[in-house]
Amino acid sequence: MAGPAASGKGDRPDLLTAAIFVGFGVIGLWQTRVLDGGTLAQMGPGYLPRVVCGLLILLGLVIGIAAMRRDAAPIEPIKLRPLLVITLSIVGFAFAVTHLGFVIASMFLILAGSLADPGSNWRTTLLLAAGLTAFGAIVFVYGLGVQVPLWPQ
Amino acid sequence: MDFINLLMLGFGEAITPANLSFCLLGALLGTLIGVLPGIGPTATIAVLLPITFFLPPLAGIIMLAGIYYGAQYGGSTTAILVNLPGEASAVVTTLDGYQMARQGRAGAALAVAALGSFFAGTVATFAIAIAGPMLSQFALSFGPAEYVALMLFGLLAATILASGPVLKAIGMILIGLLLGMVGTDQATGAERLTFGAVELFDGIDFIVIAIGLFGFSEIITNLERSGSAGVTVAPLTRLWPTREDFRQSWAAVLRGTGLGTMLGLLPGGGATLASFSAYSLEKKVSKNPQKFGTGVVEGVAAPEAANNAAAQSSFIPLLTLGIPSNNMMAMMLSAFMIHGITPGPSVLTNQPEIFWGLVASMWIGNLLLVVINLPMIGLWVRLLTVPYRLLYPAILLFCCIGVYSMNNRIFDVVLAAGFGLLGYVFRKANCEPGPLLLGFVLGPLLEANLRRTLLITQGDPGIFVERPISLVMLIATVALLALMIFPAFRKKREEAFQEEEA
Amino acid sequence: MKTIYALPLAAAISTLGATAALADWPTDRPIEMIVAFAPGGGTDIMLRTLAPYIEADLATQIPVLNRPGASGEIAYTALAQAKPDGYTISSLNTPGFLTMRIDRELRFDPAAICPIARIVEDPGMFVVQEGSPYNTLEELVSFAKENPGAVSIGTTGVGTDEHLAMLQLEESAGVDMTAVPFGGANEAKTALLGGHVTVIGLNVGEYAGSEPGQIKGLAQFTEERSILAPDLPTAKEQGFDVLMSSERGIAAPCAVPEEVRARLAEAVDKAVANPEFQEKAKQQGLALSYQSGADWAAAMPERLARYEEIIKMVKEGQ
């Protein structure tokens, strides 16, 4: 990812955009390389994906080149704590809910997720986790019939 | 007039205490599942379907219909309050609705959405009553060629949604198209872009993308700004819309209703296309298009009216032809079939009480929703005063359960977390995710119909200009493109100048 | 070498475990029924309607769990991985269950899944608009002979029932038609009513439940006429060798003890014979046709061979 240096040329958010567009295009082309393209009358599964990927790469290049000529603009600073904590607690929830049941998964998600916010205190967080877990169990599992076990099996 | 008598018959059926209470029950349940992200009306109705065995036919169908339009109402509530679209048609509502909420005008946004939806629902209900059979003929005249033209127009209109540069919006649409192609190719059964994951054979679910890009990445960016203490909402200025709000939104509601009623007839992305195009249309006709996305009331009124009108009018093909236009309507069809009723023209003549009872109950249901929802606005708005550090774990939990409950698998939740990361990167790159979602929803329809058209004509693209509806839409697309390219440059320069002066 | 020893051992352990659990089966905990399709589909509604009757007979609970995706592969994989103790069963649908192994590397072994009972057999058929000039398969074929490719047939994708039926007709009559894939029977029907395609494939169950005066049938693809459409001639009667029907039933892992599977089959048989269920099935347009798991399994190899032949034909044609 582009660094925080904000001198000289280069619109960093737009360069990032260009990288995303070109990246998606290249991955798409690579993934569809084995698919049959077909003809206009009998389009194969690879026809439109390749057209779309081609357009994405082209667009990415246009945006990228224009961005390099513009004056430097920085990307907003990145903080890793919320990014990692939230993502990992969601992934943890997914595995826990299947293997350990809803109650443990929900407690884990809320307790772990609260670490993303440096200002939280444990008493309120525990109360919140217990309350939300009970609410979730009643509304989702009993009320709406979401198919998930409450406790480890 | 004959139809007045029939409508009276319908109202007579619908306001029996039993039917009225099932209507209320459905509307309440629908509002609840609409507010809870990820829990969709389709799954709820599937679970409730066997229960309707034990109800009289009309009561069962009235309740299911109540869930359906109740969910439409509830979906816009979370879109406005916490920037979380519960379904595709609510994506647009987040654009201005959430901004209004941040400025302390959540009450106004919710009220305008509810009243606009009610008005649109009323008009669409009467459209079903008066012109149902005629409108269904319009839906049938849409063949593959017409769809291709309509989708092209819709995708181009999506670029208007974004407030940033057009090129970025087009790129996001293309990424949406690409994501929509993931999975088994409908026509040939070939696997595409699945990276070999069996969970992706049926493509990515809309909810996974919406919750990842909107729900999760919104939480991450909010916390990043300065922890939960930094997320503040401007104090509530006023609970109800001002006279000015009404003045600005009535025309938008009218246009949205018209657009929604027509587009709702079409199978597939009807309601979604309706809300997106209604927003784009407002932005085009507005005198201050640059204000869209910063919390203008028309930006909430038009798409809300459009998606509710479309939700009602999507009953037309089902009731008059027996053809369901989306998954929800397919479930409704099952509900009819369970009771041994085959929807279609013969129901109109043989069992008029069913058809007219349902039509009347729709209007009553919409009325009930307004009655339920208006007093609740005060409650909802109070939700915003809950500190963010208590609110975000709850949003997180509801999103996770919602995503998990779709297919009961780990994969979807992990994928949604991945889209959360992607959404975070998009924000850092100043790319808006709205157009991506529209590309995702409309892409598969565009591709399937393009291929169908060329199969039927054996490779001759001439059909697009030979068929009148398709030709008209293609001309409109080209005109829109021209409008966008030429004045866009001029307007941008004007804006730049204005900023310099300011 | 290791695997050779490990396999019988694993089988022995699982049988042991299963026998131990068998003592209480099926009353000590619920039997989970996996449905390979999303809630609200034909198979889902059929099984949700049937489940209470099986529950009553076995005196247990049968919650339905939807595991949609990859035309059933996800559900079958889950079934194959479940403990073979008789507490997990799933829906089974042909031709999907048979055709998916032809061109695809599967994540489960189809031989490890044993049918318990077939519940429904729904023949495929071709329909045209009510106002169409074609009344029989013969009339359609003679038009297709003179205009190769001009007849468009709406299907629900390559390798689906309707597509396989079209290929058989092309082969049998020596004609060339164009398959136009749609997202489902409803989309195809809309296109037919709007006059955008000539013919579509449907199941007889869907045809029997549809509004009169919109569409008419050309032929059904069975050996004998279905009870749902006794007046519609079969393709064979009209001189074309086209056979295609979709079957729905229930399956369990083969490692489940024989007695348990037999008891389940008996319960399904009783449930299907219940007049109350039959009444509901009639309302839903289900073509009930009970067959025991053994008979169903015995009929599968021949069908599989036929599908393999058709799909090979398509490959060569391309």
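Given the structure is predicted, the values throughout are model-derived calculations rather than measurements. (Residues numbered from 1 in each chain as written. Chains lettered and ligands numbered in written order. Predicted model: local features only at pLDDT ≥ 70, side-chain atom pairs only at ≥ 80, totals over all residues. Heavy atoms only, no water.)

Undergrad: Mind showing me how you'd approach the overall build of chain A here?
TA: Along chain A, the regular secondary structure elements total five helices and zero strands. Listing the helices and strands of chain A from first to last along the sequence gives α-α-α-α-α. Principal-axis analysis of the C-alpha atoms gives chain A an extent of 55 × 50 × 20 Å. Looking at chain A as a whole, 46% of its 153 residues are labelled buried. Relative to all contacts within chain A whose residues are 6 or more apart in sequence, the contacts with residues 24 or more apart total 63%. (Helix = DSSP H or I, 4+ residues; strand = E, 2+ residues; numbered from the N terminus. Buried < 20%, exposed > 50% of the residue type's maximum accessible area, 1.4 Å probe, protein only. Contact = heavy atoms within 4.5 Å.)

Undergrad: Would you mind going over the overall build of chain B with me for this structure?
TA: Helix and strand content of chain B: 21 helices and two strands. Here chain B, with 502 residues, has 64% of them falling under the buried criterion. Contacts in chain B between residues at least 24 apart in sequence constitute 80% of all its contacts with a sequence separation of at least 6. Entry remark: accessible area of chain B is about 17,000 Å², with carbon and sulfur atoms responsible for 68%. (Areas by Shrake-Rupley, 256 points an atom, 1.4 Å probe, with all protein chains shown as cover.)

Undergrad: Looking at this structure, how should I read the pairing of strand β3 (residues 88-94) of chain C?
TA: Looking along a regular strand, one sees side chains alternate from face to face of the sheet. Residue and element names in this part refer to chain C. By the criterion of burial, β3 is predominantly enclosed, with seven of the seven residues buried. Sheet topology note: the strand β1 (residues 32-35)/β3 ladder contains three bridges and is parallel. Along β3, the bridge assignment pairs glutamate 32 with threonine 88. (Pairing = 2+ DSSP bridges.)

Undergrad: Help me understand the interface of chain A and chain B in this model?
TA: The figure often quoted for interface size is the accessible area lost as the parts come together. Facing 64 residues of chain A, the contacting portion of chain B comprises 64 residues. For the pairing of chain A and chain B, the buried interface totals around 5,700 Å² over both sides, and the portion due to carbon and sulfur atoms is 80%. Among the residues chain A hides against chain B, the three largest losses belong to Ile90, Phe140 and Leu144 of chain A. Together they make up 10% of the total. Ionic pairing is found between glutamate 76 of chain A and lysine 428 of chain B, a salt bridge with its closest N-O pair at 3.9 Å. Across the contact surface, chain A and chain B share nine residue pairs in polar contact (both at pLDDT 80 or more). Mapped onto the side of chain A that touches chain B, the elements with two or more residues apiece are α1 (12-31), α2 (47-69), α3 (80-99), α4 (102-114) and α5 (122-143) of chain A. Of the residues forming the side of chain A that touches chain B, the biggest block, twelve residues, is contributed by α3 of chain A. Classifying every residue of the side of chain A that touches chain B gives 46 nonpolar, 14 polar and four charged. (Buried area = accessible area lost by both parts, 1.4 Å probe. Salt bridge = Lys/Arg side-chain N within 4 Å of Asp/Glu carboxyl O. Polar contact = N/O pair within 3.5 Å; in protein donor to acceptor, adjacent residues only side chain to side chain. Nonpolar A, V, L, I, M, F, W, Y, C, P; charged D, E, K, R; others polar.)

Undergrad: Any chance you could explain the confidence of the model for chain B here in plain terms?
TA: Fine structural detail should not be taken from predicted coordinates in areas where pLDDT scores are low. This prediction gives chain B a mean pLDDT of 82; 89% of its residues lie at or above 70. When pLDDT is averaged over each helix and strand of chain B, the minimum, 68, is found for helix α21 (residues 468-501) of chain B and the maximum, 94, for helix α18 (residues 410-428) of chain B. (pLDDT = per-residue confidence, 0-100.)

Undergrad: Teacher, can you tell me more about the interface of chain B and chain C here?
TA: Each side of the interface is counted separately: chain B has 40 residues, and chain C has 41 residues. Counting the surface lost from both chain B and chain C, the interface buries some 3,400 Å², and carbon and sulfur atoms represent 59% of this. At the junction of chain B and chain C, the tally comes to zero salt bridges. On inspection of chain B and its partner chain C, the count reaches five residue pairs in polar contact (both at pLDDT 80 or more). Counting residues per element, the ones that place at least two in the side of chain B that touches chain C are α14 (327-338), α15 (345-350) and α19 (434-456) of chain B. A total of four residues in the side of chain B that touches chain C trace back to one element, the largest contributor, which is α14 of chain B.

Undergrad: What am I meant to see in the pattern of salt bridges here?
TA: For side chains bearing opposite charge, pairing can occur when the charged atoms are close. Per the counting criterion, the structure on display carries 30 salt bridges over all chains. One salt bridge connects arginine 192 of chain B with glutamate 447 of chain B, and the closest N-O pair in it is separated by 2.9 Å. Residue arginine 192 of chain B is located in strand β2 (residues 191-192), and its partner glutamate 447 of chain B is located in helix α19; the two are separated by 255 residues in the primary sequence. Relative accessible area serves as the criterion here: at 3%, arginine 192 of chain B is assigned to the buried category. With a closest N to O distance of 3.6 Å, glutamate 121 of chain C and arginine 118 of chain C form a salt bridge.

Undergrad: What exactly am I supposed to notice about the state of the cysteines here?
TA: Covalently bonding the sulfur atom of one cysteine to the sulfur atom of another cysteine gives a disulfide. On inspection of all chains with the given rule, the structure shows one disulfide over all chains. Counting only cysteine sulfurs, cysteine 431 of chain B is the nearest neighbor of cysteine 53 of chain A, a cysteine outside any disulfide, at a range of 17 Å. Judged by its relative accessible area of 0%, cysteine 53 of chain A falls in the buried class. (Disulfide = S-S within 2.5 Å.)

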